[in-house]
Structure formats: C-alpha cells, structure tokens
Amino acid sequence: MHIIAIVNQKGGCGKTTTAINLSATLGQQNARVLLIDMDPQGHASLGLGVAGAELAGLYELLKGEYRLDEVIQSGVTRGVDLIPGNISLAAAEHLLAERPDRDRQLAQHLATLEGRYDCVVLDCPPALGLLSVNALRAADRVVIPVEPSLYSLDGIERLRETIHLLASQYDIQPSVTLLANMFDVRTRIARNMFEMLESLPTDLCATRIRNSVRVREAACHGAPLTDHAPRAPVTGDFRELAEELLGSMLQRVRSEKAQAIEMQPDNPPAARKVDETHNLKEVVFRFDNTKFKRVQIAGEFNNWIPDDKDVETEIRDGSVQKKLRVSPGGYEYRLVIDGVWQQDPANPEATPNNMGEYNSLINV
Ligand SMILES: Nc1ncnc2c1ncn2[C@@H]1O[C@H](COP(=O)(O)OP(=O)(O)O)[C@@H](O)[C@H]1O
Ligand SMILES: [Mg+2]
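Computed from a prediction, not measured in an experiment: that's the story for all the values here.

Cut-offs and rules
Residues numbered from 1 in each chain as written. Chains lettered and ligands numbered in written order. Predicted model: local features only at pLDDT ≥ 70, side-chain atom pairs only at ≥ 80, totals over all residues. Heavy atoms only, no water. Helix = DSSP H or I, 4+ residues; strand = E, 2+ residues; numbered from the N terminus. Expected span 1.5 Å × (residues − 1). Bend = angle between axes of the 7 residues up to and from the residue. Buried < 20%, exposed > 50% of the residue type's maximum accessible area, 1.4 Å probe, protein only. Contact = heavy atoms within 4.5 Å. Near = heavy atom within 4 Å. Polar contact = N/O pair within 3.5 Å; in protein donor to acceptor, adjacent residues only side chain to side chain. Areas by Shrake-Rupley, 256 points an atom, 1.4 Å probe, with all protein chains shown as cover. Nonpolar A, V, L, I, M, F, W, Y, C, P; charged D, E, K, R; others polar. Core = buried A, V, L, I, M, F, W, Y, C linked by side-chain atoms within 4.5 Å. Pairing = 2+ DSSP bridges.

Details of helix H12 (residues 233-258)
Under the 1.5 Å per step criterion, the end-to-end length of H12 is only 27 Å for 26 residues, more than 12% shorter than the ideal 38 Å. Most pronounced at Leu-246, the bend in H12 amounts to some 95°.

Overview of the environment of Thr-235
Within the secondary structure layout, Thr-235 lies in helix H12. On the basis of relative accessible area, Thr-235 is assigned to the buried category, the value being 2%. Spatially, the C-alpha atoms of Thr-235 and Tyr-117 are 23 Å apart, while their sequence positions differ by 118 residues. When residues no more than four places from it in sequence are discounted, the contact partners of Thr-235 are Leu-225, Thr-226, Ala-229 and Pro-230.

Observations regarding the site of ligand 1
Near ligand 1 you find 15 residues, and of these Gly-12, Lys-15, Thr-16, Thr-17 and Arg-210 are the closest. Note that an oxygen atom of ligand 1 is positioned 3.0 Å from one of the backbone N or O atoms of Gly-14. In the model, an oxygen atom of ligand 1 is placed 2.6 Å from a nitrogen or oxygen of the Thr-17 side chain. Out of a free accessible area of 550 Å², ligand 1 has 85% covered by protein chains. Listed by contribution, the elements that provide at least two residues to the shell around ligand 1 are helix H1 (15-28) and helix H10 (213-220). Broken down by element, the residue count for the shell around ligand 1 peaks at three residues, all from H1. Residues belonging to the shell around ligand 1 are distributed by class as follows: four nonpolar, eight polar and three charged.

Some remarks on the side chain of Asp-307
Counting through the fold element by element, Asp-307 comes out in the loop between strand S11 (295-299) and strand S12 (312-316). Within the structure, the side chain of Asp-307 is placed 2.7 Å from the side chain of Lys-322, a separation counted as a polar contact.

Some thoughts on the nonpolar core
Taken as a class, soluble globular proteins show a tendency for nonpolar side chains to be buried jointly. In this structure, Ile-36, Met-38, Leu-58, Leu-110 and Leu-122 are the most contacted members of the largest nonpolar core, which totals 50 residues. Residue contributions to this core peak at six residues, all from helix H7 (residues 130-138). Non-local contacts of Met-38, meaning those with residues more than four positions away in its chain, are made with Leu-58, Leu-89, Leu-106, Leu-122, Asp-123, Cys-124, Pro-125, Leu-131 and Ala-135.

Brief notes about the sheet that holds strand S5 (residues 119-123)
Pairing between the strands of a sheet comes from backbone hydrogen bonds, and it takes one of two forms, parallel or antiparallel. Strand order in the open sheet formed by eight strands is S3-S4-S2-S5-S1-S6-S7-S8, with mixed pairing between adjacent strands. Because the sheet does not close on itself, it has two edges, and the strands there are strand S3 (73-77) and strand S8 (203-204). Pairing geometry for strand S2 (residues 33-37) and S5, over five bridges, is parallel. Bridging from a neighbouring strand, Leu-34 pairs with Val-120 of S5.

Comments concerning the environment of Arg-188
Of note, Arg-188 is situated in helix H9 (residues 188-199). Sequence separation between Arg-188 and Gly-299 is 111 residues, and the spatial gap between their C-alpha atoms is 46 Å.

Description of the side chain of Thr-16
Secondary-structure assignment places Thr-16 in helix H1. Aside from chain neighbours lying at most four places away, what touches Thr-16 is His-43, Ala-44 and Asp-123.

Scope: geometric values only; no functional claims are made or implied.
In structure tokens:
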C-alpha cells in the first residue's frame, strides 16, 4: 500500500487539486484509493461533493470517538473512498500534542488498512504542524506541488529542511518530489521557474500540471476532472502524473484486472433479484451460452472494482452465475467482457455515463 502525502505549508499551490485528481485518476484505472482530507478547510471533501462539515471524519477518528470504518465514505468517485475533514481538525494539533505517540497516530490507523487499498493519498493542511508531521511519518512518498512564484521557492527550502530533519530523527526515507502546478508553457516566468526547480537538489516530476480553467470549474461542481472534463488536456496531465509516480502499481492493478475468471457461457447475461436476508438482497447475474470467455461485473455496489471480493462466481453446467448481496436501491453497473468494459447487452435499462457510453441500470 503506497501512502502519498501531498504537502506544502503554502496555501493555494494545488495540494487539494493534486490530491483529488491524482486519487480519481488512480481510481478510474481500477486502483483502490483512500483519500484523507487533513485540512480543517475540508476542501478535498467539498471538491468531491461531500459535505465534510456534517460528517465524522479524521478528527473524530484521531479523537477515538469513531472507528476507521465509521469515518470512511465509500465510493465518492469511482474507486475512491474518502475520510472527510472539517473545521474540527483545527483542534487536532492540540489533541495530538497530548499523546505520547503524537507523530505516529495517523500511521497507526493506516497500518490497520494494509491490503484494503492500493494507495492512500493525504491532502495536508497549509501548515507544518503535527497533522503534516503525522502525514510525513506515515508516507512513503511526498509530493510538493509548487506554483510558479518566487515565494514558493522560499517555502520549498524550509519544507525540505523539515523533511530532512524528520527523516534523520525518525530514520524514515520517503521519496520527495516537487510538482510544477499551474504551469503555463507560454509564459517566460513559468519556464524560468521550471528551470529553477530543476536546479534544486530535490527531484522534480517530469510531468507538469498546466494552468486550466477546467480545474476551478470541476472544483465548483464538486467533481474530479475525470468526471467533469474527462478529455481535457489537464486531465491527461494527471493521468501522466499517476503513471510517473505509481506506474508499477498501476501495472500490477491492470494485470490483476486482466486475470478474469475462465468460463464457457453461451447466452447473453441476464440480471435478476432472488432472495432477501437482513435487509440485503441477493442479486444473481446469470450468463448462459455466451460467445465470450471471461466476464466480470463492476458497479456502484462494488465500488466499480471488477469482481471485487463480494462478488461470488459459480460455474455450473456451462453457465456462470455471479452473486452479490446489496441493499435495496438502484445501481449503475457495467460488465467487463474479455477485458473490455461495456454495458450489459441483455439489459435494456441504461443511462449515459461520463465517457460518452452507457452504464446499465438495475433496480434491487
Ligand atoms: N492547474 C491548475 N489550473 C488552474 N487552477 C488551479 C490549478 N491548480 C489549482 N488551481 C486552483 O487554485 C486554487 C488553489 O488550489 P488548491 O488545490 O486548493 O491549493 P491548496 O490545497 O494548496 O491550498 C483553487 O482555486 C484551485 O482550483
Ligand atoms: Mg488544500
């Protein structure tokens, strides 16, 4: 499980933008992602359309009022769960200061999640207090977004010193990367700035995030760029960033996705509901006599992760059944047939999705 802290004590350099869009990009590529909003301003929550102020989040977890499972909001966008943040986090510095293991609190919680996520993304507050120190101690990667201004260079120096100090004090060695954000290739200041960043002793991402009005638009809509502007060039910048930072993890996820279940069904799939226990209903998708070899199912009921652990597959007499248990309601889903995402050919109920295609609909 990779833990990536997006850190910079300077506000407005793109921490939250990077945290949201890196998470959403990874989630869209089938990685299982947990985004943690560590800023009392709760912008990562708002930017994903989640009203952090009304929900228990990181502060309540750190305080011990809620368990980890109780503060995780599942599937805020495809593949991404969120621990919200809100103004009560302003009191977290004080709370943490009184703990004996005050810099390890977050790391201890995250250790219990091993195996559940491929990646945890930490959106840090604009201060180098105990919350950021907790993030730095938990992280194996640190990304420092920088916008092109001279003030940001000054801040980077202090941040580097802090990270260096923490690293020697605690014997940790996170990889630290600067990320040029709001980059406008047409302006000389941005080009000069990039050269200056390149000359620093800290690594610099080859990927640059361009300045784009789409970023602010998406934030206003409470949606990640993958939903708001899937084809915009800036969305592509975040895809490139994900590949640069986590290429090998994404490769592993892709090959896991490709290893679907062998089957010899003949008919197009059909979906129907069967049984009810404890408020959850069992849904059975049956695939008979189909022309394809492998089928997986991904939808709102399993966080869009094809055949995640809650989907039971049974192969019987040349037909394949996929069983899952969901609470009553309407769900969008798609099938992954021989590795290709598509709507269920046997289900006429469908709704357009953000990719210009269709998701099938099931009412349970
Ligand atoms: N690449 C970009 N292009 C255009 N606007 C951006 C870009 N990155 C961030 N912004 C905008 O700049 C502002 C600050 O970004 P934000 O991610 O909230 O920074 P931070 O979390 O470091 O305070 C926000 O209004 C955001 O929409
Ligand atoms: Mg922020």
